[in-house]
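Letter by letter, the chains look like this.
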Amino acid sequence: MVMRSNLLKYMHVRESAPEAQFCDPCPSLFLRNVICSYCNDCRDLDICRDSALLAGEWRCAVPQCGQPYDRELMENTLLQIVQQRERLYHLQDLVCLRCNQVKAAHLAEQCGCAGSFSCKEDATEFCEKMQLILKIAIHQKFQLLQECTEWILEVEKS
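Predicted model, so just to flag it, every value in this text is computed and none were measured. Residue indices follow the written sequence of each chain, beginning from 1 at its first position. Since the coordinates come from a predicted model, pLDDT governs what is reported: local features require at least 70, and pairs of side-chain atoms require 80 or more to be given and counted, while whole-chain, interface and lining totals use all residues. Calculated side-chain values reflect all of the structure's heavy atoms, with hydrogen atoms and water omitted.

**Q** Explain the pairing of strand 1 (residues 30-35) here, please?
**A** Remark: a regular strand shows side chains that alternate across the two faces of the sheet. Criterion used throughout: strands pair if DSSP finds at least two bridges between them. In DSSP terms, a helix is any run of H or I states spanning at least four residues, a strand is any run of E spanning at least two, and both are numbered starting from the N terminus. Note that strand 1 and strand 2 (residues 42-46) share four bridges and pair antiparallel. Within the sheet, the bridge partner assigned to Phe 30 lies in strand 2 and is Asp 46. Remark: six residues form the turn of the hairpin made by strand 1 and strand 2, two consecutive strands paired antiparallel; Asn 40 in that turn has positive phi of roughly 60°.

As structure tokens, then:
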């Protein structure tokens, strides 16, 4: 913390300024608990940052193994993630903008505190995540995943 504040002072930026906040330049998407069918090694794969995966080398990272992962299984896992994200987006709760209470009454247009309701997750945030998965599908040549995410994005725009 001391080093950070000293660097900000050197750059003439206040600690509470928006420029002082960390912004991750590269998004990430993890495939959790990917198991090698040959050596049973279990890993979390970051599809957006792992240089081997970006180069198309879907192989086990254990030096003694090096067997290729099942790409069809990876695509199906990503499809499950996309379908789950879409389902959670459409079934999300409405939250009061004033008191942050979850909407309990189905027919109420306003909260008891006279605040209006809004979705927990914004549509732009959801579309950004789907765009990221679409870019992965195009780069890795996952045809079914590409078609599915394109359809979801097309439906969300209309």
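Let us keep going from here.
**Q** I would appreciate a short explanation of the pattern of salt bridges in the present structure.
**A** Close approach of charged atoms allows side chains with opposite charge to pair. Any carboxyl oxygen of Asp or Glu that lies within 4 Å of a side-chain nitrogen of Lys or Arg is treated as forming a salt bridge with it. Under the definition given, this model contains six salt bridges. Glu 121 is the salt-bridge partner of Arg 85, the closest N and O atoms lying 2.7 Å from each other. Separated by 36 residues along the polypeptide, Arg 85 in helix 3 (residues 71-90) and Glu 121 in the loop between strand 4 (117-119) and helix 4 (123-140) bring together distant segments of the chain. For Glu 121, a relative accessible area of 12% puts it in the buried group. The partner of Lys 129 in a salt bridge is Glu 125, with the nearest N and O atoms 3.6 Å apart. With Lys 129 and Glu 125 both in helix 4 and four residues apart, this pair spans about one turn of that helix. Summary of the burial criterion: residues with accessible area below 20% of their type's maximum are buried, those above 50% are exposed, and those between are partly exposed, where the area comes from a 1.4 Å probe applied to protein chains only. Look at Lys 129 and you get partly exposed, because its relative accessible area is 35%. Residues joined by salt bridges that share partners form a network here, namely Arg 85, Glu 121, Glu 125 and Lys 129.

**Q** What's the story with the environment of Cys 119 in this structure? I'm lost.
**A** One can find Cys 119 in strand 4. Note on Cys 119: relative accessible area 40%, which makes it partly exposed. Once the C-alpha coordinates of Cys 119 and Leu 91 are considered, the two residues, 28 residues apart in sequence, prove to be 9.9 Å apart. Contacts between residues were defined by any pair of non-hydrogen atoms, one from each residue, lying within 4.5 Å. Non-local contacts of Cys 119, meaning those with residues more than four positions away in its chain, are made with Gln 92, Asp 93 and Leu 94.

**Q** Just to check I follow, could you spell out the packing of helix 3 against helix 4 for this structure?
**A** A packed helix pair is summarised by two numbers, namely the angle formed by the two axes and the spacing between the axes. At a minimum axis distance of 11 Å, the contact between helix 3 and helix 4 shows a crossing angle of 170°. Here helix 3 is positioned roughly antiparallel relative to helix 4, judged by the angle of their axes. The interaxial crossing formed by helix 3 with helix 4 has left-handed handedness. Residues Arg 71, Leu 78, Val 82, Arg 85, Glu 86 and Tyr 89 of helix 3 lie in contact with helix 4, whose contacting residues are Ala 123, Phe 126, Lys 129, Met 130, Ile 133, Ile 136 and Gln 140. Along the lines of polarity and charge, the residues of the contact of helix 3 with helix 4 split into eight nonpolar, one polar and four charged. Helix axes are fitted only over the stretch in contact, all axes being lines through C-alpha atoms; the angle between N-to-C directions runs from 0 to 180 degrees. Reported orientations rely on four angle classes, namely roughly parallel under 35 degrees, roughly antiparallel over 145, roughly perpendicular from 65 to 115, and oblique for the rest. A clockwise turn of the near helix away from the far one marks a right-handed crossing, whereas an anticlockwise turn of less than a right angle marks a left-handed crossing. Amino acids are sorted into nonpolar (Ala, Val, Leu, Ile, Met, Phe, Trp, Tyr, Cys and Pro), charged (Asp, Glu, Lys and Arg) and polar (every other residue, Gly among them).

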